[in-house]
Amino acid sequence: MDTTDMPQGDSKAIVTNQTGIHDNLESIVNKHLAHPSQKPFQEHTLAAFEEVNAKVSAHKGPIILDSCCGVGQSTRLIAKQHPDALVIGVDKSAHRINRNVDEVAAEDGKLVENYMLVRADLNDFYRLVVQHQWQVLKHYILYPNPWPKSKHIRRRWHGSAVFPEIIQIGQTIILRSNWRLYLEEFQFAAKLTSLHGNIIEVEDGEPLTPFEAKYKASGQTCWQLSFQR
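First, a word on what this report is: a plain description of the structure on this page. Quick caveat, the model's predicted, so the values are computed rather than measured.

Parameters and conventions
Numbering of residues starts from 1 in each chain and follows the order in which that chain's sequence is written. At least 70 in pLDDT is required for a residue's local features to be given in this predicted model, at least 80 for side-chain atom pairs to be given and counted, and no such filter applies to totals for whole chains, interfaces and linings, which use all residues. Hydrogen atoms and water are omitted, and side-chain values are computed over all heavy atoms in the structure. Each helix corresponds to a stretch of at least 4 residues labelled H or I by DSSP, and each strand to a stretch of at least 2 residues labelled E; elements are numbered beginning at the N terminus. The globule rule used for comparison is 2.2 Å times the number of residues to the exponent 0.38, while the radius of gyration itself is calculated over C-alpha atoms. Only protein chains enter the calculation, and the probe is 1.4 Å; a residue is then buried if its accessible area is under 20% of its type maximum, exposed if over 50%, and partly exposed in between. Any two residues whose heavy atoms approach within 4.5 Å at even a single point are treated as in contact. Computed by Shrake-Rupley with a 1.4 Å probe, the accessible areas treat only the displayed protein chains as cover when residues are assessed. When charges are counted, Lys and Arg contribute as positive and Asp and Glu as negative, whereas His and the chain ends are disregarded. Charged side chains are reduced to one point each, which is NZ for Lys, CZ for Arg, CG for Asp and CD for Glu. It is the directions from the helix axis to the C-beta atoms whose arc is reported. To estimate how far a helix should reach, multiply one less than its number of residues by 1.5 Å. Axis definition: a line fit to C-alpha positions, over the contact stretch in the case of helices; interaxial angles, taken between N-to-C directions, run 0 to 180 degrees. Angular relationships are summarised with four words: roughly parallel below 35 degrees, roughly antiparallel beyond 145, roughly perpendicular across 65 to 115, and oblique for the angles in between. Note: crossing handedness is left-handed where the near helix turns anticlockwise from the far helix by less than a right angle, and right-handed where it turns clockwise. In the analysis that follows, any N or O atom pair within 3.5 Å is treated as a polar contact, provided that within protein one partner can donate a hydrogen and the other can accept it, and provided that, for residues neighboring in sequence, both atoms belong to side chains. Strand pairing follows a simple DSSP-based rule, namely that at least 2 bridges must link the two strands.

**Notes on the overall build of the protein chain**
Part 1 of the argument: Within the protein chain one finds eight helices and seven strands.
Part 2 of the argument: Whereas a compact globule of 229 residues would reach a radius of gyration of roughly 17 Å, the protein chain reaches 17 Å, a difference of no more than 12%.
Part 3 of the argument: Each principal axis of the C-alpha distribution contributes one length, and for the protein chain these read about 50 × 40 × 30 Å.
Part 4 of the argument: Taken over 229 residues, the protein chain has a buried fraction of 48%.
Part 5 of the argument: Within the protein chain, counting contacts between residues at least 6 apart in sequence, those at least 24 apart form 79% of the total.
Part 6 of the argument: Surface accessibility of the protein chain: about 11,700 Å² in total, with carbon and sulfur atoms responsible for 47%.
Part 7 of the argument: Averaging the locations of the 25 positively and 26 negatively charged side chains of the protein chain gives two centres separated by 6 Å.

**Overview of helix 1 (residues 25-34)**
Part 1 of the argument: Buried within helix 1 are the following residues: L25, I28, V29 and H32. The buried residues of helix 1 occupy one face: seen down the axis, they fall within an arc of 95°.
Part 2 of the argument: Buried positions along helix 1 lie against helix 6 (163-166) and helix 7 (180-191).

**Some remarks on unusual backbone geometry**
Part 1 of the argument: In this structure, Y143 takes a positive phi of about 50° despite not being glycine.
Part 2 of the argument: Here Y143 lies in the loop between strand 4 (136-142) and helix 6.
Part 3 of the argument: Phi at S194 takes a positive value of approximately 70°, unusual for a residue other than glycine.
Part 4 of the argument: Inspection of the secondary structure assignment puts S194 in the loop between helix 7 and strand 6 (197-201).
Part 5 of the argument: On the basis of relative accessibility, which here comes to 61%, the residue S194 falls in the exposed class.

**Description of helix 7**
Part 1 of the argument: In this model helix 7 runs 16 Å from its N-terminal to its C-terminal C-alpha over twelve residues, within 8% of the 16 Å that 1.5 Å per residue would give.
Part 2 of the argument: Inspection of helix 7 places L181, Y182, L183, E185, F186, A189 and A190 among the buried residues, and these make up the whole buried set.
Part 3 of the argument: On the buried face of helix 7, the contacting elements are helix 1, helix 6, strand 5 (172-177), strand 6 and strand 7 (223-228).

**Here's the deal with the packing of helix 2 (residues 43-58) against helix 5 (residues 122-131)**
Part 1 of the argument: Contact geometry for helix 2 and helix 5: axes closest at 10 Å, N-to-C directions at 40°. Our classification of the angle between helix 2 and helix 5 gives oblique. Crossing angle aside, the handedness with which helix 2 passes helix 5 is right-handed. Every residue of helix 5 that contacts helix 2 at T45, L46, F49 and V52 is listed here: D124, F125, L128 and V129.

**A few points about the side chain of Q18**
Part 1 of the argument: Tracing the chain through its elements places Q18 in the segment before helix 1.
Part 2 of the argument: Given a relative accessible area of 11%, Q18 falls into the buried group.
Part 3 of the argument: Side-chain polar atoms of Q18 contact the side chain of E185, separated by 3.0 Å.
Part 4 of the argument: For Q18, the contacting residues outside a window of four places in its chain are P148, S150, R156, L181 and E185.

**A look at the pairing of strand 5**
Part 1 of the argument: When you tally the buried positions in strand 5, you get six out of six residues, the bulk of the element.
Part 2 of the argument: Residues T172, I174 and R176 of strand 5 are buried on one face, and the alternating residues I173, L175 and S177, pointing to the opposite face, are buried as well.
Part 3 of the argument: Pairing of strand 4 with strand 5, which is carried by five bridges, proceeds in the parallel orientation. Bridging from a neighbouring strand, Y140 pairs with I174 of strand 5.
Part 4 of the argument: As judged from the six bridges shared by strand 5 and strand 7, these two strands associate in the antiparallel manner. Bridge pairing links I173 to F227 in strand 7.

**A word on the sheet that holds strand 6**
Part 1 of the argument: Strand order in the open sheet formed by seven strands is 3-2-1-4-5-7-6, and the pairing between neighbours is mixed. In the strand order of this sheet, the two ends are held by strand 3 (115-119) and strand 6, each with one partner. Within this sheet the neighbouring strands show an average axis-to-axis angle of 20°, counted without direction.
Part 2 of the argument: Contacting strand 1 (63-67), strand 2 (86-91) and strand 3, helix 2 runs over the sheet at an angle of about 165° to strand 3.
Part 3 of the argument: Taken strand by strand, helix 3 (residues 73-81) contacts strand 1, strand 2, strand 3 and strand 4, and its axis lies near 155° from that of strand 3.

Just distances and angles here, no functional claims.
Following this line, the structure appears as structure tokens:
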């Protein structure tokens, strides 16, 4: 989702034709768990991953993945919070990745530099991360496109073919959304793999993403789902 020219404080609540967890979610997830994706990798993602993988291999500290990072505000802030980590922000949009966003300063006044932003298709990138056995400390998925129409269930991450890889990445997995049902569905899907998570309200503090700032300014509640291995 793009944040270009998005005014603050006028975000509409998500409208869906679902009344609860999607009726077909369990069968969809079980199918994907039983039949891993065999889709060929896209060349631009292979090239991007090769560059990132070299830096991951050379890094001596923790690795943090910030999926769907958009303009990278969250990536910068997470990097500030974890100065010893290499934080990798991934988004499919070159326009978002390349937008000018204010840099973040550390406590000593120096610019935060322990991060990188990568344009890649996460459907491929996730599988490559698992194949190369990255040891990811934290995996963030912040405000993913909710795809609220029932017919679009397979476009949500927990309904996608790459869900089995997603839940393998990270000692801690953290999702945020202003649509609680999205997190309830992800929680339900993860439970099918014996991974249990908790949903809480996002506490007041510096918003991690422009969307989080917008939702809060509109009076909407933001929710967080987290898993600990």
